[in-house]
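One letter stands for each residue in the lines below.
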Amino acid sequence: MSANNNFDYSIAIGGAAGQGIATPGNLLSRIFIRRGLQLNAYNAYQSIIRGGHIFLTIRVRNRPVQSHGDHLDLLLCLNQDTMDRHLRLMRPGTHVLFNGDSIKPGEMADGVQLCPLPIKELTNDNRNKLVQNTVALGAMMHLMGIEFEVLQEVLTQQFGRKGQAVVDENITVARAGYEHGAANFARISSVLPTGPKPLAVWTGNEALGMGGAAAGVKFYCAYPMSPSTGVLHWMANNARELNIMVRQVEDEIAVSNMVIGAAHTGVRAMCATSGGGFALMTEAIGAASMMEIPVVYINVQRAGPSTGVPTKTEQGDLWQALGASQGDFERLIVAPMDTLDAFNTVPELFNLCDHYQCPGIVLSDLLISEGTFSFDPDSVDMCPEIDRGKIITKPNGTPDSEYLRYKNTADGVSPRALPGTPGYTHVVATDEHDEDSVLISDEFTNPIKRRAMVEKRARKFDNILERISAPEIEGPADAEVTLVGWGSTRSVIAEAIEQLAESGVTANQLAIKWIVPFHTEAVTEILSKANKTILVENNHSGQFFRYLRCETGITVDASIRKYDGEPFAPHHVADGVRELMAGDAKIYVPEQEIMV
Amino acid sequence: MTTIEDVQRKPKDYKSKINPDWCPGCGDFGVLNALQRTCAELDIPPHMILNVSGIGCSSNFPGYFKAYGMHTLHGRTLAYASGAKLANHEMTVIATGGDGDGYGIGGNHFTHIARRNIDLTYVVMNNQVYGLTTGQVSPTSRTDMKTKSTPYGNIERPVNPITAAIMNGATFVARGYSADGKQLVELMKQAIQHRGFALIDVFSPCVTFNKDNTYDFFKPRVKKLQDEGHDTSDWKAACEKAMEWGDTIYTGLFLQQELPTLGDLEPVLAEGGPLAHQPVGLSNEDEQRIIQRMC
């Protein structure tokens, strides 16, 4: 491996809400991706507009970045609180940047390089409270060996809208920081590489929005709820250019039903929310299933129950999704594993929902949805194949009285005529109904017809597994340990597996994305050949542990569960594996070191 | 030479193959007949009508009406109707349902759709009771009414749907009476032709569960606003008339204003026809633009 591939650098910026942490984060991200480097940024924040503690970690590598990592290399403190919380975590050889006028360091390890910035002097006593951020960015450029002009370019782009005076002010103070750094601070020891080509950057929510647009969504509806609101923002910003109707409405009940109304006319419709909003949507999901109308519902999970911890991640809604809505019916549930997967999943799910005329649920979480990740623009296909299933939009000679919206066909799927099509008038109903949509409860409730309809709707899905790839083992087939995960844990588990390999433990991973339908046979076969099986998930009760047992009969050997709101760091998983292998414990719960 | 297409439609052209299962004497029959006559007089093709209902006796409506229809969830009628209208604004969307469905569980949607002014018509069959669940109070039940859920008498005051609609910004607010088909047809025609959200609250007596607000109750009381020269642009007068509930109960058009509909204000609907008819998917230019912003 070349030195370039080993480059691994984590920058953390901490301060109170309102201190403008997002902007330096964005600027650094642009600088890195334009240089072709890959990044993974995780923002720890609270449900507060001013105050509190925000801690943004940006990790940069010249290869895929699978998590926000185990260490920090550069800490930028915008307030004293950040210094007090995180200085003790800095190892020898790392750097700490801070406003030397107002922030005092405390106890720290030997060999940590303190980089105080005399902000008042460098900015000519500028009263703007955010100016220290730009000074610090300038100093960072020096530390990392990046030419100042690179920062100048992104500052110009970022602040251009605010006028030349603002751009000039920022460049001036950034340069002052750069020169002060050059005069006073030793550079970082590793050399910042350049990647093979420029990349792009997105959040999971943007990927979901883009996936919807690529799938041809024409109706997006939402109620703001952390951490899903980013999808609404992306959609709203792009609505006019892409001709998508975007509506923010009065509550999630309106959202979840409006999308069905829209979808009934033939458009692809989608919505996103978090667990609490999803709870309000569940009645509608059953309605979509009964009326056989395709809609995509996205749940970006966050720590619950109830209002929970709105800004923290969890994988706690698996059973809510499985049980969404009353009655006995099937719905599609998929948990994408990273942002590119999230992007691709939306069109894939829409094709399935259109084909099977049913609702589909995407289970994302805060970690994916609000994290910022680099991606290769060439890997994103915004014109994927679109399959609308059996829809009727033009009359083909069938008179009204013969069209049966819920015709009991061999494969269970009944051709769907769209409103406005002459000759196919019909009513769709949430009551049980016969083939001709007449309510069975309007006549004598009819057991024969009822049974036939229940079977028809279920029969639709008989062959669905043929359309969806089964999960596969990633890593050596004969590994000592098989780590099982679902959704967002795939990348961090992969990184833990690398760490374990370095310490002589062989491990592989079974990362599961499709919850319903579930590849029972394939999963059972894989796990029956595994040695020690450990399930990794972000919840307390082992939601996927139980689901796996439920669908396969297999009880995995042990679990690693984290439910403090913070995502897994790779060492949490690797340490857990070592401990579980050393003893008989069934559960390992890692401790969170970074206090946010 | 006249052809099939030239012949005006008749009310029976909007009759589905199912007969309503409403109790004999139910006010909803009058509303169904009136809407069928209305659509015939306006000559709207059945395939261009979308009837949307919730749950309740009156929400069975779409099944008896030959057109496209959605029989949805209790209280969610207006959400479905809004979504459908915005996605295919060429359809004539008519929402139907009862007073509980519309003003109780559906109250939040009712509030917001009024101010949004989405171009659709909402016909509420107001019988001041919950019928299908066999006789409990509804949001419009009178104080003191004895029902299965209020055996000692209702201690709450009813909501006034007319003033509520006016205060929430509805641009067409009317009240009808199911026994006065002629007035109802007139109001329905105006409502459908009105550009914006149109409410017609219709007294539609429940002969089985509401022994208070019967035909005998309404007949001597209902008076037409239009017979008294009411100014339909005056919201204050409209509210005062709407609050009269004694020997006189007003029916007719309370308020009408011309304001832009949500469709008028939404640039995405300005050109290109209904969203439902537009091509699905992005162009290469769209793709370039989107990706470029993330670089």
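Residues numbered from 1 in each chain as written. Chains lettered and ligands numbered in written order. Predicted model: local features only at pLDDT ≥ 70, side-chain atom pairs only at ≥ 80, totals over all residues.

Peer 1: Is there a simple way to think about the overall build of chain B in this case?
Peer 2: In terms of regular secondary structure, chain B is built from ten helices and eight strands. For chain B, whose C-alpha radius of gyration is 20 Å, the value lies close to the compact-globule estimate of 19 Å for 295 residues. Its C-alpha atoms give chain B principal-axis dimensions of roughly 70 × 55 × 40 Å. Residue burial in chain B is summarised as follows: out of 295 residues, 51% are buried. A fraction of 70% describes how many contacts in chain B between residues 6 or more apart in sequence connect residues 24 or more apart. (Helix = DSSP H or I, 4+ residues; strand = E, 2+ residues; numbered from the N terminus. Rg over C-alpha atoms; globule rule 2.2 N^0.38 Å. Buried ≥ 20, exposed ≤ 12 C-beta atoms within 10 Å, placed from the backbone. Contact = placed C-beta atoms within 7 Å.)

Peer 1: Please explain the overall build of chain A as it appears in this structure.
Peer 2: Looking only at helices and strands, chain A has 19 helices and 24 strands in total. For 596 residues, the compact-globule estimate of 2.2 N^0.38 gives 25 Å, and chain A sits close to it at 26 Å. If you line up chain A on its principal axes, its C-alpha atoms span 85 × 60 × 40 Å. Out of the 596 residues belonging to chain A, those deemed buried represent 53%.

Peer 1: What is the right way to read the pairing of strand 6 (residues 198-203) of chain B from this model?
Peer 2: All names here are of chain B. Most of strand 6 sits inside the fold, with six of its six residues counted as buried. Residues of strand 6 alternate between two faces, with Ala 198, Ile 200 and Val 202 on one and Leu 199, Asp 201 and Phe 203 on the opposite face, all of them buried. One ladder, built from six bridges, connects strand 4 (residues 121-126) with strand 6; its direction is parallel. Considered in strand 6, the bridge of Val 123 is made with Ile 200. (Pairing = 2+ DSSP bridges.)

Peer 1: Explain the interface of chain A and chain B to me, please; I cannot follow it from the model alone.
Peer 2: Residue-level contacts link 57 residues of chain A with 50 residues of chain B. Within the residue set of the side of chain A that touches chain B, elements represented by two or more residues are strand 7 (200-203), helix 8 (204-214), strand 8 (217-222), helix 9 (229-242), helix 10 (252-264), helix 11 (275-291) and strand 17 (427-429) of chain A. Sorting elements by how many residues they give to the side of chain A that touches chain B places helix 10 of chain A first, with nine residues.

Peer 1: What is the right way to look at helix 4 (residues 107-116) of chain B in this model?
Peer 2: The α-helix advances 3.6 residues per turn, and as a result positions three or four apart in sequence lie on the same side. All of the buried residues in helix 4 of chain B are His 109, Phe 110, Ile 113, Ala 114 and Arg 116 of chain B. Looking straight down helix 4 of chain B, one finds that the buried residues subtend no more than 160° of arc, so they occupy a single side. Taken together, the buried residues of helix 4 of chain B touch helix 10 of chain A together with helix 2 (77-87), helix 3 (99-104), helix 5 (161-167) and helix 9 (262-265) of chain B. Just downstream of helix 4 of chain B lies Asn 117 of chain B, where phi reads positive at about 55°. (Arc of directions from axis to C-beta.)

Peer 1: Hey, could you run me through the pairing of strand 11 (residues 295-301) of chain A in this one?
Peer 2: Across a regular strand the side chains alternate sides, sitting on one face of the sheet and then on the other. Residue and element names in this part refer to chain A. Counting buried residues in strand 11 gives seven out of seven residues, a clear majority hidden from the surface. Residues Val 295, Tyr 297, Asn 299 and Gln 301 point to one face of strand 11 and Val 296, Ile 298 and Val 300 to the other, with burial holding for every one of them. Taken together, strand 10 (residues 268-273), helix 11 and strand 11 form a β-α-β motif whose crossover is right-handed. Bridge analysis of strand 11 against strand 13 (residues 359-365) gives seven bridges, and the strand direction is parallel. (Right-handed = clockwise from strand over helix to strand, strands pointing away.)

Peer 1: Teacher, can you tell me more about the packing of helix 16 (residues 490-502) of chain A against helix 19 (residues 570-582) of chain A here?
Peer 2: Packed helix pairs are characterised by how far apart their axes lie and by the angle those axes make with each other. All names here are of chain A. One way to put it is that helix 16 packs onto helix 19 with a least axis distance of 8 Å and a crossing angle of 55°. In terms of their interaxial angle, helix 16 and helix 19 are classed as oblique. Once helix 16 is placed against helix 19, the crossing between them reads as right-handed. On helix 19, the residues touching Val 492, Ile 493, Glu 495, Ala 496, Gln 499 and Leu 500 of helix 16 are Pro 570, His 571, Val 573, Ala 574 and Val 577. Residue composition of the contact of helix 16 with helix 19, grouped by class: eight nonpolar, two polar and one charged. (Axes fitted to C-alpha atoms, helices over the stretch in contact; angles between N-to-C directions. Parallel < 35°, antiparallel > 145°, perpendicular 65-115°, else oblique. Left-handed = near helix turned anticlockwise from the far one by under 90°. Nonpolar A, V, L, I, M, F, W, Y, C, P; charged D, E, K, R; others polar.)

Peer 1: It is not clear to me how the environment of Asp 21 of chain B should be interpreted in this structure. Could you clarify?
Peer 2: Within the secondary structure layout, Asp 21 of chain B lies in the segment before helix 1 (28-42). Linking Asp 21 of chain B and Tyr 64 of chain B, residues 43 residues apart in sequence, is a C-alpha distance of 9.4 Å.

Peer 1: When you look at helix 16 of chain A in this model, what are you seeing that I'm missing?
Peer 2: Residues and elements named next belong to chain A. An ideal rise of 1.5 Å per residue puts 18 Å on 13 residues; helix 16 measures up with 19 Å between its terminal C-alpha atoms. What helix 16 keeps buried is the set Arg 490, Ser 491, Val 492, Ile 493, Ala 494, Glu 495, Ala 496, Ile 497 and Leu 500. Tucked inside the fold, the buried residues of helix 16 contact strand 19 (481-486), strand 20 (507-512), strand 22 (532-537) and helix 19. A positive backbone phi angle near 85° is found at Gly 504, which sits one or two residues after helix 16. (Expected span 1.5 Å × (residues − 1).)

Peer 1: Even after reading the chapter, I still don't get the domain arrangement of chain A, so can you show me in this structure?
Peer 2: How big an interface is tends to be reported as the loss of accessible area on association of its parts. All names here are of chain A. Per the domain assignment, the segments making up chain A are domain 1 (3-184), domain 2 (202-379) and domain 3 (469-588). A straight line from the C-alpha centre of domain 2 to that of domain 3 covers 26 Å. Domain 2 puts 23 residues into the contact, and the matching count from domain 3 is 20 residues. Those elements that place two or more of their residues in the side of domain 2 that touches domain 3 are helix 12 (318-322), strand 12 (332-334), strand 13 and helix 14 (366-370). Top element by residues in the side of domain 2 that touches domain 3 is strand 12. It accounts for three residues. (Domains from an automatic or database assignment.)

Peer 1: Can you help me understand the sheet that holds strand 1 (residues 49-53) of chain B in this one?
Peer 2: To summarise the sheet geometry, strands pair through backbone hydrogen bonds and adopt either a parallel or an antiparallel arrangement. One open sheet accounts for nine strands, arranged 17(A)-2(B)-1(B)-3(B)-4(B)-6(B)-5(B)-8(B)-7(B); its pairing is mixed. Across the chains shown, the open sheet's two edge strands, defined by having one partner strand only, are strand 17 of chain A together with strand 7 (222-224) of chain B. The average angle at which neighbouring strand axes cross in this sheet is 20°, direction not considered. In this sheet, strand 8 (residues 249-256) of chain B lies alongside strand 7 of chain B in parallel orientation, the contact comprising three bridges. Residue pairing across strands places Lys 223 of chain B opposite Tyr 250 of chain B, the latter belonging to strand 8 of chain B. Relative to strand 5 (residues 172-177) of chain B, helix 6 (residues 181-193) of chain B is tilted by about 160°, and along the sheet it contacts strand 3 (92-98), strand 4, strand 5, strand 6, strand 7 and strand 8 of chain B.

Peer 1: Mind showing me how you'd approach the nonpolar core here?
Peer 2: The nonpolar side chains of a soluble globular protein tend to be buried with one another. The biggest cluster of nonpolar side chains holds 248 residues, and the ones touching the most others in it are Phe 219 and Val 259 of chain A together with Val 173 of chain B. If we skip the residues at most four places from it in the chain, Phe 219 of chain A touches Met 245, Val 259, Ala 262, Val 267 and Ala 269 of chain A together with Gly 83, Leu 86, Ala 87 and Leu 275 of chain B. If you look at the next biggest cluster of nonpolar residues, it comprises seven residues, including Trp 22, Cys 57, Cys 206 and Phe 209 of chain B. (Core = buried A, V, L, I, M, F, W, Y, C linked by C-beta atoms within 7 Å.)

Peer 1: Is there a simple way to explain the sheet that holds strand 14 (residues 372-375) of chain A in this structure?
Peer 2: Residues and elements named next belong to chain A. The mixed open sheet is built from eight strands, whose spatial order is 6-5-4-1-3-2-14-7. Bordering the open sheet on either side are strand 6 (113-117) and strand 7, each of which pairs with just one other strand. The sheet shows a mean angle of 15° between the axes of neighbouring strands, taken without regard to direction. Two elements, strand 5 (residues 95-99) and strand 6, share five bridges in a ladder whose sense is parallel. Residue pairing across strands places Leu 97 opposite Cys 115, the latter belonging to strand 6.

Peer 1: What's the story with unusual backbone geometry in this structure? I'm lost.
Peer 2: Across the chain, the bulk of peptide bonds are trans and the bulk of non-glycine residues have phi less than zero. All names here are of chain A. Residue Pro 305 is reached from Gly 304 by a cis peptide bond, and omega for that bond is -5°. Relative to the assigned elements, Pro 305 resides in the loop between strand 11 and helix 12. A cis geometry characterises the amide bond from Val 516 onward to Pro 517, with omega recorded as 0°. For Pro 517, the location among the structural elements is in the loop between strand 21 (514-516) and helix 17 (520-528). One non-glycine residue with positive phi stands out, namely Ser 325, at about 85°. Mapped onto the elements of the fold, Ser 325 is located in the loop between helix 12 and strand 12. Residue Ser 325 is classed as partly exposed on the basis of its 17 C-beta neighbours within 10 Å.

Peer 1: I'm lost on the packing of helix 8 of chain A against helix 9 of chain A in this one. Help?
Peer 2: Residue and element names in this part refer to chain A. Following both chains from N to C, one finds helix 8 and helix 9 inclined at 40°, their axes separated by 8 Å at the closest point. For the element pair helix 8 and helix 9, the recorded crossing hand is right-handed. Contacts from Asn 205, Glu 206, Leu 208, Gly 209 and Ala 213 in helix 8 reach Gly 230, Val 231, Trp 234, Met 235, Asn 238 and Leu 242 in helix 9. Class assignment of the residues belonging to the contact of helix 8 with helix 9 gives a composition of six nonpolar, four polar and one charged.

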